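Residues per chain, in single letters:
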Amino acid sequence: MHAPLDTDVAIETPEHIVFRHRLAGPARRGIAYLIDVVACYFCVFVVAIIVFVAAGASDMMERMQQSYTSTMGLGFGLILLLLFAVQWVYFVVWEAWKGTSLGKMALGLRVVTTGGRPVGFGGAALRNVLRAADALPLVYVVGLVSMLVTSRFQRLGDLVANTMVVMIDRARAAAPLRLWPPAEPFELVAIPERVTLDADERTAIELFLRRRGTLGPSREEELAAMMVEPLVRRHGLNLPRTAGERAPSPSRLLALLYERAANAGRGEAPASSRQPREMERLSWR
Amino acid sequence: MALTSHVTEAAFVARRHKDWADLELLTRRATDKSLGALEIHEVTRLSPLYRDICADLARAQAARYSAPLVDYLHALTASAHSVLYALPPRPRFTLSLRGKKSAFLAFPRAVRAHWRTMFLALLLFFGPFLFGAIASLSEPSFAFRVVPESQLRPLVEGYAKGFAAGRQAGEGAMMAGFYVNNNVGIALRCFATGVFGGLGSAFYLVQNGLAIGAILGYVASQGAGGNLLLFIVGHSAFELGAIVIAGGAGMSLGWSIVAPGERTRLASLQAAGRDVAVIVSGAAIMLLIAAAIEAFWSASSLPSGLKIAFGGTWLVVVLVYLIFAGRGEEWVRS
């Protein structure tokens, strides 16, 4: 769970749904860039070694005294072309094709337009040609300054091409919280019929309940006790005061409160007017 | 809290999780491979599933279901959105030689639409070019101030020999690689640095014009000028033309920030960026042609009359293409 931060950017879809992308900052993008550069120059290096070996072999076979052979010329031409591709072509092709590059993929980054759509060939070409301006005067100082002063961490290339780099997190579906074992009547004595938790309280209790399994029993109760106190005051819970009465433990109390707030008045399987999807689509055809 | 939903989170998840898993699978396959990797019935399934998850997300937020669920739906919506929504439709260029969408005609149209900066770029390049050439013709040591002497001397020796020997095949390939890497790189850099109000482009234009002019003047003053001219005549229309055009495009980009008109500076910059992207692509292609000519034709041992005719023809063709191709149909500034 992350609250809306100023490093989030909200995108409203035509369905009037607002979702958020997390922006990638200079550090992540720098690391991704390093990975890309290392990968590219490693490839160039491998080709260079092959060229030298091939040139040496052909030189020996032809018993030529001059150091310059046509194989070597071809090889050097190839290396120079590769260097050109590394500088100007690599990022354009990757970003236009996949919306990401090897390094960005490794860090889960993606290039999208500021409207949250994939970047096309034109956008990818523009933002990457402008690297030449961002990289000035050295090590992307201009790009870094531009990223720091714009709200979406955009370097000059991003500004011109109207793009941004976001982090794609593939969130896993988490199982909903369930109260177990079910509430017993004596536990519910202290809890009002209606409990209205505000967003912060809900989030706090929820995070606690999800972490519960990782804590030791005494630590669990200790933390729960700290959370219960303000809740008791705010919601006017009348917990049993004498030692003789049975009372739920603080941790259990939090679970009960949450259950009341989240599920009271809600059923498990209400009548639904929705038809199953399969049927609907069949009727269209 | 007011109940906006009478369904518990568990029941909601139980009812909907199948569709979510389906959408997750389809989205992942579409992003990892491509949309084309999906079967037709899967593609048609994608958009109803996406609309449903939009509704689910709204429902889950309104019902205040737990944060992990909302986060999960958020992430799923976002990734499905990026699969379903491509860029807004723009005129796609075709490879035909006629019509408004022809890429072949879009380039000269875009160049002419920016004729003011192109003209300025022409002046900024050929002014210093002439100055450098004349200065080093009259006083050869002037060239050493622009280009290091250690680079100039081998040039003179090289061109003094002439082209009788031609080039070996391997050398041509190597030089092609060099010209692509060096010249296209210079042109793209010349364009990109225009984003600083056009100053970077102007700098590169002046610097390159001065250096090339000085080299030409120096080599001529040492008596090898004829051979050098013979060498550059074949590809200069493409090469110098492309550098001027790239510089002009860069200055257009810069001018859009300096004088944004009725738009914000950012919006003006972005509009200019879309506009000049066509010009830069065209200039890059011109430079690739120039590199091929320079590597395999210019240094060959062909008769000099043929080389001059070849170069002259291309100069006329390039000029006519840039000035007249695709006239009549308006270039629409985005």
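Residues numbered from 1 in each chain as written. Chains lettered and ligands numbered in written order. Predicted model: local features only at pLDDT ≥ 70, side-chain atom pairs only at ≥ 80, totals over all residues. Heavy atoms only, no water.

This part covers the overall build of chain A. Across its full length, chain A carries 12 helices and four strands. Out of the 285 residues belonging to chain A, those deemed buried represent 42%. If you take every contact in chain A between residues at least 6 apart in sequence, the share linking residues at least 24 apart comes to 69%. Roughly 15900 Å² of accessible area belongs to chain A as shown, and the carbon and sulfur atoms make up 64% of that amount. (Helix = DSSP H or I, 4+ residues; strand = E, 2+ residues; numbered from the N terminus. Buried < 20%, exposed > 50% of the residue type's maximum accessible area, 1.4 Å probe, protein only. Contact = heavy atoms within 4.5 Å. Areas by Shrake-Rupley, 256 points an atom, 1.4 Å probe, with all protein chains shown as cover.)

The sites that UniProt annotates as "transmembrane region" (unreviewed entry) are residues 30–54 and 74–97 of chain A. Between the end C-alpha atoms of residues 74–97 of chain A the distance is 29 Å, and the span holds 100% helix and 0% strand. (UniProt positions renumbered as here; feature names shortened; annotations may be inferred.)

The subject of this paragraph is the interface of chain A and chain B. Chain A puts 74 residues into the contact, and the matching count from chain B is 69 residues. For the pair chain A and chain B, the summed buried surface comes to about 6300 Å²; carbon and sulfur atoms form 61% of the total. Summed over the shared surface of chain A and chain B, the number is zero salt bridges. At the junction of chain A and chain B, the tally comes to seven residue pairs in polar contact (both at pLDDT 80 or more). Broken down by element, the residue count for the side of chain A that touches chain B peaks at 12 residues, all from helix α2 (residues 70–98) of chain A. The residue makeup of the side of chain A that touches chain B, split by class, is 36 nonpolar, 18 polar and 20 charged. (Buried area = accessible area lost by both parts, 1.4 Å probe. Salt bridge = Lys/Arg side-chain N within 4 Å of Asp/Glu carboxyl O. Polar contact = N/O pair within 3.5 Å; in protein donor to acceptor, adjacent residues only side chain to side chain. Nonpolar A, V, L, I, M, F, W, Y, C, P; charged D, E, K, R; others polar.)

The subject of this paragraph is the packing of helix α11 (residues 236–258) of chain B against helix α12 (residues 265–296) of chain B. Residue and element names in this part refer to chain B. Where α11 contacts α12, the axes come no closer than 8 Å and their chain directions differ by 170°. In this view, α11 runs roughly antiparallel relative to α12, as classed from their interaxial angle. Residue composition of the contact of α11 with α12, grouped by class: 20 nonpolar, five polar and three charged. (Axes fitted to C-alpha atoms, helices over the stretch in contact; angles between N-to-C directions. Parallel < 35°, antiparallel > 145°, perpendicular 65-115°, else oblique.)

Further remarks concern the UniProt feature "transmembrane region" (unreviewed entry) in chain B. All names here are of chain B. On the UniProt side, "transmembrane region" (unreviewed entry) is annotated at positions that read residues 119–138, 186–206, 213–234, 240–258, 278–299 and 305–324 here. Between the first and last C-alpha atoms of residues 240–258 the distance is 27 Å; the span itself is 100% helix and 0% strand. A distance of 28 Å separates the end C-alpha atoms of residues 305–324, which is 100% helix and 0% strand.

Our focus in this paragraph is α11(B). Over its 23 residues, α11(B) extends 32 Å from the first C-alpha to the last, a length consistent with the 33 Å expected when each residue adds 1.5 Å. Burial analysis of α11(B) places 18 of its 23 residues in the buried class, which makes it a mostly covered element. (Expected span 1.5 Å × (residues − 1).)

Bringing the sheet that holds strand β4 (residues 163–167) of chain A into the picture now. Residue and element names in this part refer to chain A. Ordered in space as β1-β2-β4-β3, the four strands form an open sheet in which the pairing is antiparallel. The open sheet has two edge strands, β1 (8–12) and β3 (109–113), and neither has a second partner. For this sheet the average axis-to-axis angle between neighbouring strands, irrespective of direction, equals 50°. Alignment of β3 against β4, held across five bridges, turns out to be antiparallel. From the neighbouring strand, Arg110 faces β4, where its bridge partner is Val166. (Pairing = 2+ DSSP bridges.)

The next thing to look at is the confidence of the model for chain A. It should be kept in mind that the predicted coordinates are not to be read in detail where pLDDT is low. Mean pLDDT over chain A stands at 80; residues scoring 70 or higher make up 82%. Confidence drops under pLDDT 50 across residues 279–285 of chain A; counting only partners more than four residues distant or on other chains, this segment forms three contacts. (pLDDT = per-residue confidence, 0-100.)

Attention now goes to a nonpolar patch on the surface. Residues Leu138(A), Val139(A), Val141(A), Leu144(A), Val145(A), Leu148(A) and Val149(A) make up a contiguous nonpolar surface patch of roughly 680 Å² in combined accessible area. Mapped onto the secondary structure, Leu144(A) falls in helix α6 (residues 141–149). (Patch = residues over 30% accessible without salt bridge, like charges linked within 9 Å, V, L, I, M, F, W, Y side chains within 5 Å.)

Our focus in this paragraph is the pairing of β3(A). A large share of β3(A) lies buried, amounting to five of its five residues. Because side chains alternate across β3(A), one face comprises the buried residues Leu109(A), Val111(A) and Thr113(A), and the other comprises Arg110(A) and Val112(A), equally buried.

Residues and elements named next belong to chain B. Structurally, the position occupied by Leu152 is in helix α7 (residues 149–160). In this structure the C-alpha to C-alpha distance between Leu152 and Ile215, which are 63 residues apart in sequence, comes to 7.1 Å. Residue contacts for Leu152: discarding those within four places in its chain leaves Ala143, Phe144, Val147, Ile215 and Tyr218.

Of all hydrophobic cores here, the largest spans 80 residues; its most connected members are Phe107(B), Phe191(B), Val195(B), Ile245(B), Leu253(B) and Ile279(B). When residues in this core are grouped by element, the largest group, 14 residues, is from α12(B). Dropping the residues within four chain positions of it, Phe191(B) is found in contact with Leu126(A), Val129(A), Leu130(A), Ser201(B), Ala246(B), Ala249(B), Gly250(B), Leu253(B), Val276(B) and Val280(B). (Core = buried A, V, L, I, M, F, W, Y, C linked by side-chain atoms within 4.5 Å.)

All names here are of chain A. By the definition in use, this model includes 17 aromatic pairs over all chains. Each ring, one from Tyr33 and one from Tyr140, has its centre 4.9 Å from the other, and the planes form 70°; the classification is edge-to-face. Pair noted here: Tyr33 is in helix α1 (residues 26–62) and Tyr140 is in the loop between α5 (131–134) and α6, with a separation of 107 residues, a long-range link. Here the aromatic cluster, defined as three or more aromatic residues joined through ring pairs, consists of Tyr33, Tyr90, Phe91 and Tyr140. Positioned above the aromatic ring of Trp97 is the side chain of Lys98, whose terminal nitrogen or guanidinium carbon lies 4.9 Å from the ring centre. Taking NZ or CZ as reference, Arg131 lies 3.9 Å from the ring centre of Phe91, over its face. (Phe/Tyr/Trp six-rings, centres within 6.5 Å; stacked < 30°, edge-to-face > 60°. Lys NZ or Arg CZ within 6 Å of the ring centre and 35° of its normal.)

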